[in-house]
Amino acid sequence: MQVLNDDDRAYLSHSIRLIDDFPRPGIVFRDITTLLNDAKAFEFLMSHLQARYENYEIDFIVGIESRGFIFGAALATRLGVGFVPIRKPKKLPYVTISQKYSLEYGVDEVQIHIDAFNHIKNPKILLIDDLIATGGTAKASMELIKNAGGECVEACFLINLVDLNGYQEIEKFTKVYSVLEV
Ligand code: AMP
């Protein structure tokens, strides 16, 4: 269904396991493996995303390593569009474009293949990841999409950690949708 009600969101939310103090003390990690191994919950989520995006006329789904690959690739086959991975450095084998971004401590980097969208003119992109926190990864990913010649028409996340304001940051550049807010 295209729009979820509170019961639908509670159902999905309960399928995600919370792990305290992972990977560091103080972090509550949202473990989506318990959604993925629940066939009904995974199907429910993917049917919702398919209903939401089937009339968007998207050319590619871009997924962010690594959990964005799972939802992104599953949705790409449902929508009949290509899937493009954004990966950590030194993982993609062909010529890449890179984008660095700041973390709380230090810098990180993401990459995309330079020719990822080349066979389609003015490609429209849906960006997907499992979770948005500060929005740093998503913002760097949007830069990569732009530099590879794509137009990001929406960024989609399963979970938005509202206190970290990443959603608002990304909203300055594209439409944003999150299935669940915590
Ligand atoms: P950010 O760049 O701060 O928006 O962080 C988003 C990335 O970090 C996503 O790829 C998430 O998978 C991961 N991430 C950050 N915080 C959490 C969390 N509490 N639980 C699960 N994944 C997280």
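Quick notes on the rules
Residues numbered from 1 in each chain as written. Predicted model: local features only at pLDDT ≥ 70, side-chain atom pairs only at ≥ 80, totals over all residues. Heavy atoms only, no water. UniProt positions renumbered as here; feature names shortened; annotations may be inferred. Helix = DSSP H or I, 4+ residues; strand = E, 2+ residues; numbered from the N terminus. Rg over C-alpha atoms; globule rule 2.2 N^0.38 Å. Buried < 20%, exposed > 50% of the residue type's maximum accessible area, 1.4 Å probe, protein only. Phe/Tyr/Trp six-rings, centres within 6.5 Å; stacked < 30°, edge-to-face > 60°. Expected span 1.5 Å × (residues − 1). Contact = heavy atoms within 4.5 Å. Pairing = 2+ DSSP bridges. Right-handed = clockwise from strand over helix to strand, strands pointing away. Axes fitted to C-alpha atoms, helices over the stretch in contact; angles between N-to-C directions. Parallel < 35°, antiparallel > 145°, perpendicular 65-115°, else oblique. Left-handed = near helix turned anticlockwise from the far one by under 90°.

- Within an unreviewed UniProt entry, the label attached to the protein reads Adenine phosphoribosyltransferase, and the organism entered is Campylobacter gastrosuis.
- Comment text from UniProt for the protein, heading Pathway (unreviewed entry), reads "Purine metabolism; AMP biosynthesis via salvage pathway; AMP from adenine: step 1/1."
- According to UniProt, the comment filed for the protein under the heading Subcellular location (unreviewed entry) is "Cytoplasm".

Observations regarding the overall build of the protein
So, point 1. Scanning the protein for helices and strands turns up 6 helices and 9 strands.
So, point 2. Taken over C-alpha atoms, the radius of gyration comes to 16 Å for the protein, in line with the 16 Å a tight globule of 182 residues would show.
So, point 3. Seen along its three principal axes, the alpha-carbon backbone of the protein occupies a region of about 40 × 40 × 30 Å.
So, point 4. The burial tally for the protein puts 45% of its 182 residues in the buried class.

Things to note about the packing of aromatic side chains
So, point 1. Throughout the structure, instances matching the rule amount to 6 aromatic pairs.
So, point 2. Where Y11 meets F44, the ring centres are 5.5 Å apart and the plane angle is 90 degrees; that geometry is what we call edge-to-face. With Y11 in helix α1 (residues 6–14) and F44 in helix α3 (residues 39–53), this residue pair connects regions lying 33 residues apart in the sequence.
So, point 3. Centroid distance F60 to F117: 5.1 Å. Interplanar angle 45 degrees. Geometry classified as tilted. Placement of F60 in strand β3 (residues 60–64) and of F117 in the loop between β6 (107–113) and β7 (124–132) is noted, with a sequence separation of 57 residues between them.

Points about α3
So, point 1. The end-to-end C-alpha separation of α3 is 21 Å, in line with the 21 Å expected for 15 residues at 1.5 Å each.
So, point 2. Residues of α3 that are buried include every one of A41, L45, M46, H48, L49, A51, R52 and Y53, and no others.
So, point 3. The inward-facing, buried residues of α3 abut α1, α2 (33–36), α4 (67–79), β7, β8 (151–160) and β9 (175–181).

Some thoughts on the pairing of β3
So, point 1. In terms of burial, β3 is largely enclosed, as 5 of its 5 residues are buried.
So, point 2. In β3, alternate side chains face the same way, and those of F60, V62 and I64 on one face and I61 and G63 on the other are all buried.
So, point 3. Pairing of β3 with strand β4 (residues 82–86) involves 5 bridges; the strand directions are parallel. Residue pairing across strands places I61 opposite F83, the latter belonging to β4.
So, point 4. Crossover connection from β3 via α4 to parallel β4: handedness right-handed.
So, point 5. Bridge count for β3 against β7 is 4 bridges, and the pairing is parallel. Note on β7: the bridge partner recorded for G63 is I128.

Focus: helix α5 (residues 136–147)
So, point 1. Taking 1.5 Å as the rise per residue, α5 with 12 residues should run 16 Å; its terminal C-alpha atoms sit 17 Å apart, in good agreement.
So, point 2. Here α5 has its buried residues at G136, A138, A140, S141, M142, L144 and I145.
So, point 3. Phi for G149, located one or two positions after α5, is positive at around 95 degrees.

Let's talk about the pairing of β6
So, point 1. Buried residues dominate β6, accounting for 5 of its 7 residues.
So, point 2. Here 7 bridges tie strand β5 (residues 96–102) to β6, and the two strands are oriented antiparallel to one another. From the neighbouring strand, S98 faces β6, where its bridge partner is Q111.
So, point 3. Following β5, the chain reverses through 4 residues before pairing antiparallel with β6; G106 in that reversal takes a positive phi of roughly 95 degrees.

What to know about the packing of α1 against α3
So, point 1. With their axes 10 Å apart at the nearest point, α1 and α3 run at an angle of 130 degrees to one another. One way to sum up the angle between α1 and α3 is to call them oblique. When you trace α1 past α3, the crossing you get is left-handed. Between α1 and α3, the contacting residues are D8, Y11 and L12 on the first element and K40, A41, F44 and L45 on the second.

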